[in-house]
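The lines below spell out each chain.
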Amino acid sequence: MDRDTLTGDWGGGRTWLQEHGVSLKPRLTQFYQGLTSGDGDHDFESGGKLDLLLNASLSKLGLWDGLSLTTHAEYNFGESANGRGGTLLPVNTALIFPGLDGADAFDPTSVFLAQKFSDSVSLMMGKINMVDIAAGKPFMGGAGIDAFQNVAFAAPPSGIVPPYIFGGILSVRTKPASFTFMIFDPVSAVNRSGLERPFNEGVVFRASVDVPVNIAGRSGHQGFSAAYSTQDGTDLSSLGDLIFPPQGGTPAGIKNDRYHFAYSFDQFLYQSKANPTEGFGLFGQVGVSDGNPNPLDWSAIVGVGGTGLIPSRSRDKWGVGFFHYSVSSALKRSLSPAVAIDDEQGVEFFYNAALTPWFHLAADVQIIDPALNQNDTAVFASLRAVIKF
């Protein structure tokens, strides 16, 4: 009951693998989620994700120092409540990628090499799961498995960065700040290797800076990011001509390039001196994009979360957050004759109880004003169980 994984050391096998530079982390996550109020099917659905994270230090396997291989394989099964109630944003991040309900359910979502040049400089190249990258964000993140389930918090959409990318990420840590530089294919690598005609539709450049901030002895971060894509997209202001084409017919126009800027922060309000990772704090992010061809104009999220809300339960996680995503005004105007679409906003509450180090049980509630149904508020409730093998 006290060990970190259900299956322990595998008779010494896990320790032997770690001594030879190989780490294996199998995990099973199961959801029971449904729409309790709002327009749509109110049946509760059962679905799950089985995933395996493998990290191999190739230097211990005979190659040069600092080189490693990371692979994350994911298999989704069952059903999900995504798309119900007129919502645009997935209410269950874990089950929307790599697929479900007839789509491809299995995918090696990360297969990349990483080279650590020093304690402060590293480079990753290959197929990279960006939901995993976002999972490390304090008070939110969690990949839809350990914290919030709505993609607005688990992996905030930008309209430019796909959930899985094919490209490279250079990280540079200095004393005053950490910098990240990314170059990748704008085409999503979900259910693809990324090697199918890479960069055929353009390239995305993204840069970010993260500055550690200490306020009254409590740690936090302030971050800025900018992304620019050369990928062409549909001119959203011309979609009306496709719905109600003028005499003679007019094809949809093409709009070049797109961008996204974001500011984010997290700040401990209470931080344990005995264990700096324990406590609670504020988080937030504001993003702005071009709005055409990007389907988003701007977005904002804010919330509070942490660990150890209840005395003697230091491993439990909890959070409450609000999000607002503004849909492109050009898209709204073009679709207005046929489809009424509005901004989407909502709140999410979760409590994740660590019943043992290897078994977590969470309750989650989302109350959403959906983009595709302005007359009915959508309310989702779910239970989530995670077993670390």
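Preceding this section is the structure that the text describes.
Nothing here was measured: the structure is a model prediction, and the numbers come from that model.

Chemist: Help me understand the environment of Lys-127 in this model?
Modeler: Along the chain, the position of Lys-127 falls in strand β5 (residues 121–129). Given a relative accessible area of 4%, Lys-127 falls into the buried group. A polar contact of 3.0 Å, which involves the side chain of Lys-127, links it to the side chain of Asp-107. A polar contact is formed between the side chain of Lys-127 and the backbone oxygen of Arg-192, at a distance of 2.6 Å.

Chemist: What am I meant to see in the packing of aromatic side chains here?
Modeler: The description of an aromatic ring pair uses the distance of the two centres, along with the angle that the planes make with each other. According to the stated counting rule, one finds 16 aromatic pairs in the structure shown. Site record: aromatic cluster; members linked through ring pairs are Phe-148, Phe-153, Phe-283, Phe-323, Tyr-325 and Phe-350. A cation over an aromatic ring shows up here: Arg-14 above the ring of Trp-10, its NZ or CZ 3.9 Å from the ring centre.

Chemist: I'm lost on empty space enclosed by the protein in this one. Help?
Modeler: Any space left empty among the atoms is revealed by the rolling of a water-sized probe across them. With the rule as written, the count across this model stands at two cavities of 30 Å³ or more. Of the volumes computed, that of the largest cavity is approximately 110 Å³. Lining of the largest cavity is provided by 14 residues; of these, Lys-49, Glu-74, Val-131, Asp-132 and Ala-143 occupy positions nearest its centre. Counting only elements with at least two residues in the lining of the largest cavity, the list comes to β2 (44–57), β3 (67–78), α2 (93–96) and α3 (130–134). The residue inventory of the lining of the largest cavity, partitioned by class, reads six nonpolar, three polar and five charged. Counted as a void, the second largest cavity has a volume near 30 Å³. In terms of lining residues, the second largest cavity is bounded by Pro-157, His-260, Gly-287, Val-288, Ser-289, Leu-296, Asp-297, Trp-298 and Ser-299.

Chemist: Explain the pattern of salt bridges to me, please; I cannot follow it from the model alone.
Modeler: It is possible for side chains bearing opposite charge to pair when their charged atoms get close. In the structure shown here, the tally under the stated rule is ten salt bridges. Between Arg-27 and Asp-51 there is a salt bridge whose closest N-O contact spans 2.8 Å. Here Asp-51 lies in strand β2 and Arg-27 lies in strand β1 (residues 22–37), a separation of 24 residues in the sequence. Overall, Arg-27 belongs to the buried group, its relative accessible area being 18%.

Chemist: Honestly, the pairing of strand β12 (residues 258–271) in this entry has me stumped. Any pointers?
Modeler: The side chains of a regular strand alternate between the sheet's two faces. Inspection of the sheet shows strand β9 (residues 218–229) paired to β12 by ten bridges, in the antiparallel sense. Bridge pairing links Ala-226 to Phe-261 in β12. Across eleven bridges, the pairing between β12 and strand β13 (residues 279–289) is antiparallel. If you follow Tyr-270 over to β13, its bridge partner there is Phe-280.

Chemist: Sorry, what's going on with the nonpolar core here?
Modeler: Ranked by internal contacts, the top residues of the largest apolar core, which has 29 residues, are Phe-323, Tyr-325 and Phe-380. Among the secondary structure elements, those contributing two or more residues to this core are α3, α4 (151–154), β14 (296–307), β15 (317–327) and β18 (378–388). Of the residues forming this core, the biggest block, three residues, is contributed by α4. Every residue in contact with Phe-323, bar those within four places of it in the chain, is listed here: Leu-89, Asn-150, Ala-152, Phe-153, Ala-300, Ile-301, Glu-344, Gln-345, Gly-346, Val-347 and Ile-368. Counting twelve residues, the second largest nonpolar core, distinct from the first, contains Ile-160, Ile-165, Ile-169 and Ala-227.

Chemist: Which parts of the structure should I look at to understand unusual backbone geometry?
Modeler: Note on backbone geometry: most residues besides glycine have negative phi, and most peptide bonds are trans. The residue after Phe-97, namely Pro-98, is reached through a cis peptide bond having omega 5°. Along the chain, Pro-98 turns up in the loop between α2 and β4 (106–116). Phi at Arg-197 is positive, roughly 50°, even though this residue is not glycine. Tracing the sequence through the fold places Arg-197 in the loop between β7 (178–184) and β8 (204–215). Phi is positive for Asp-257, close to 65°, though the residue is something other than glycine. With respect to the helices and strands, the residue Asp-257 is situated in the loop between β11 (254–255) and β12. Note on Asp-257: relative accessible area 29%, which makes it partly exposed.

Chemist: Can you walk me through the side chain of Asn-352 in this structure?
Modeler: Position of Asn-352 among the secondary structure elements: in strand β16 (residues 344–356). In this structure the side chain of Asn-352 is engaged in a polar contact, spanning 3.2 Å, whose partner is the backbone oxygen of Asp-146. In contact with Asn-352, other than residues within four places in its own chain, are Asp-146, Asp-316, Lys-317, His-360, Leu-361, Ala-362 and Arg-384.

How each quantity is defined
- Residues numbered from 1 in each chain as written.
- Predicted model: local features only at pLDDT ≥ 70, side-chain atom pairs only at ≥ 80, totals over all residues.
- Heavy atoms only, no water.
- Helix = DSSP H or I, 4+ residues; strand = E, 2+ residues; numbered from the N terminus.
- Buried < 20%, exposed > 50% of the residue type's maximum accessible area, 1.4 Å probe, protein only.
- Polar contact = N/O pair within 3.5 Å; in protein donor to acceptor, adjacent residues only side chain to side chain.
- Phe/Tyr/Trp six-rings, centres within 6.5 Å; stacked < 30°, edge-to-face > 60°.
- Lys NZ or Arg CZ within 6 Å of the ring centre and 35° of its normal.
- 1 Å grid on protein atoms, 1.4 Å probe; cavity = no way out; pocket = protein on both sides within 12 Å on 5 of 7 lines; lining within 4 Å.
- Points joined across faces, edges and corners; volume = space filled by probe spheres on them.
- Nonpolar A, V, L, I, M, F, W, Y, C, P; charged D, E, K, R; others polar.
- Salt bridge = Lys/Arg side-chain N within 4 Å of Asp/Glu carboxyl O.
- Pairing = 2+ DSSP bridges.
- Core = buried A, V, L, I, M, F, W, Y, C linked by side-chain atoms within 4.5 Å.
- Contact = heavy atoms within 4.5 Å.

Keep in mind that these numbers describe shape and distance, not what the molecule does.
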